[in-house]
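Read off the chains here:
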Amino acid sequence: MRPHPARVPPPDMRHANAEPYLMFRRFIDRFDTAVKVATSAIQDMQTGLASAGALPASVVVNATPWAPKVVAEPQQTVVSSLHTLSSLWVVEALAAFEHYLVRVHATLTRWTEVSRATPAPGLTADPDGKIALGRLYDAYGWSKESVSPYLPTLEYLQTCRNCMVHRAGVVSDALSKRQLPEGYADEWPKIQGNAFRAPSFPEAKANDYLALEPRHSIFAIALCNRLAKDVNQRLVRELGLPGLIHHAAHHVLLADEPVPIEREYLARRHAPNDAIAHMLDSRYTVRHVPPAEVSRILRELGVWSRIPKLYAPLVDAARHVQPARRTR
């Protein structure tokens, strides 16, 4: 009696991540490390001030290209520097999130063109190239219920950013009228039973200087990440399995700057549909996609003919790279 063939599980997209979110997560890792390293260095300087009473000589004397200068209030100078950096970090966090939304819109636009679906009506970038979060949801008919608790805080941070970018940190009338109430995050959904650690913000009086701290920049990127996760889930559902297969093929082979496939994998001379299925699993967390399904869908979309031609040189290059010699 012949044994029954092993049952192949169906494709699993429950934990899928599209390329825009992967790139945003990489930014968050770099951002988080940079904020903590710089803050730690400045706090060490503050500790040194407590004993020495002056800024390090490397700052005062060797501050090339500036001439040597006497700092009258070194403690206040260090605190002010931290406020300036914190403001810049908030600006950077929001800029990265807005760029993420642009990438999401580009992904959806590409899929619309390839699948010949009806494009989202009326969604265009702002004159400065930005895509507003609310307009993205409205254009694709996504419910904003999951993100609506966070939108007032996001708008507050965006108003802070405008003051930093356009007013050198001086509080505008708009920001002074948009204060975050006490306990503004108390009703936010908990994740794995944990509440969101939301810091209080300094009172923003019109024409005063807005003094932000490193915790505000860490909070800003954490809030953006929570919103980005929701957008990623919507994007994955919008693409579906065919869209994710094309998404992987695009970023692995068709893009101008493709995502690299591991050299060891290429050297084993797998077929191109195997390689795309492998990248769906290893990079985009789309499990159990049969290679035959990959090639079938890409043929239906009219892009398969390009795939083997782009894949073959990668295999040849990987097979001709000599592995590095081991050293004792």
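In what follows, the accompanying structure is described.

This part covers the environment of Trp111. Counting through the fold element by element, Trp111 comes out in helix H3 (residues 74-115). When the C-alpha positions of Trp111 and His246 are compared, they lie 7.9 Å apart, and in sequence the two are 135 residues distant. With residues near it in sequence (within four places) discarded, Trp111 still touches Arg116, Glu238, Leu239, Pro242, Gly243, His246 and Leu301.

Attention now moves to the layout of surface pockets. Here the idea is plain: a probe the size of a water molecule rolls over the atoms and shows the empty space left. Size it by volume and the largest pocket reaches roughly 510 Å³. In terms of lining, the largest pocket is formed by 17 residues, of which the most central are Phe196, Arg197, Ile218, Phe219 and Ala222. Broken down by secondary-structure element, the contributors of at least two residues to the lining of the largest pocket are helix H1 (19-52) and helix H7 (214-254). Here the lining of the largest pocket gets eight residues from one element, more than from any other, and that element is H7. Considering only residue class, the lining of the largest pocket consists of nine nonpolar, two polar and six charged.

Scanning the entire structure with this criterion turns up twelve salt bridges. Note that Glu19 and Arg283 form a salt bridge whose closest N and O atoms lie 2.8 Å from each other. In this pair, Glu19 is assigned in helix H1 and Arg283 in the loop between helix H9 (272-282) and helix H10 (291-300), connecting sequence segments 264 residues apart. As a salt-bridge pair, Glu293 and Arg296 come within 2.7 Å of each other at their nearest N and O atoms. Of the two residues, Glu293 and Arg296 are both situated in helix H10; the distance of three residues between them amounts to about one turn of the helix. On the basis of relative accessible area, Glu293 is assigned to the partly exposed category, the value being 23%. For Arg296, a relative accessible area of 38% corresponds to the partly exposed category.

Rules used throughout
- Residues numbered from 1 in each chain as written.
- Predicted model: local features only at pLDDT ≥ 70, side-chain atom pairs only at ≥ 80, totals over all residues.
- Heavy atoms only, no water.
- Helix = DSSP H or I, 4+ residues; strand = E, 2+ residues; numbered from the N terminus.
- Contact = heavy atoms within 4.5 Å.
- 1 Å grid on protein atoms, 1.4 Å probe; cavity = no way out; pocket = protein on both sides within 12 Å on 5 of 7 lines; lining within 4 Å.
- Points joined across faces, edges and corners; volume = space filled by probe spheres on them.
- Nonpolar A, V, L, I, M, F, W, Y, C, P; charged D, E, K, R; others polar.
- Salt bridge = Lys/Arg side-chain N within 4 Å of Asp/Glu carboxyl O.
- Buried < 20%, exposed > 50% of the residue type's maximum accessible area, 1.4 Å probe, protein only.

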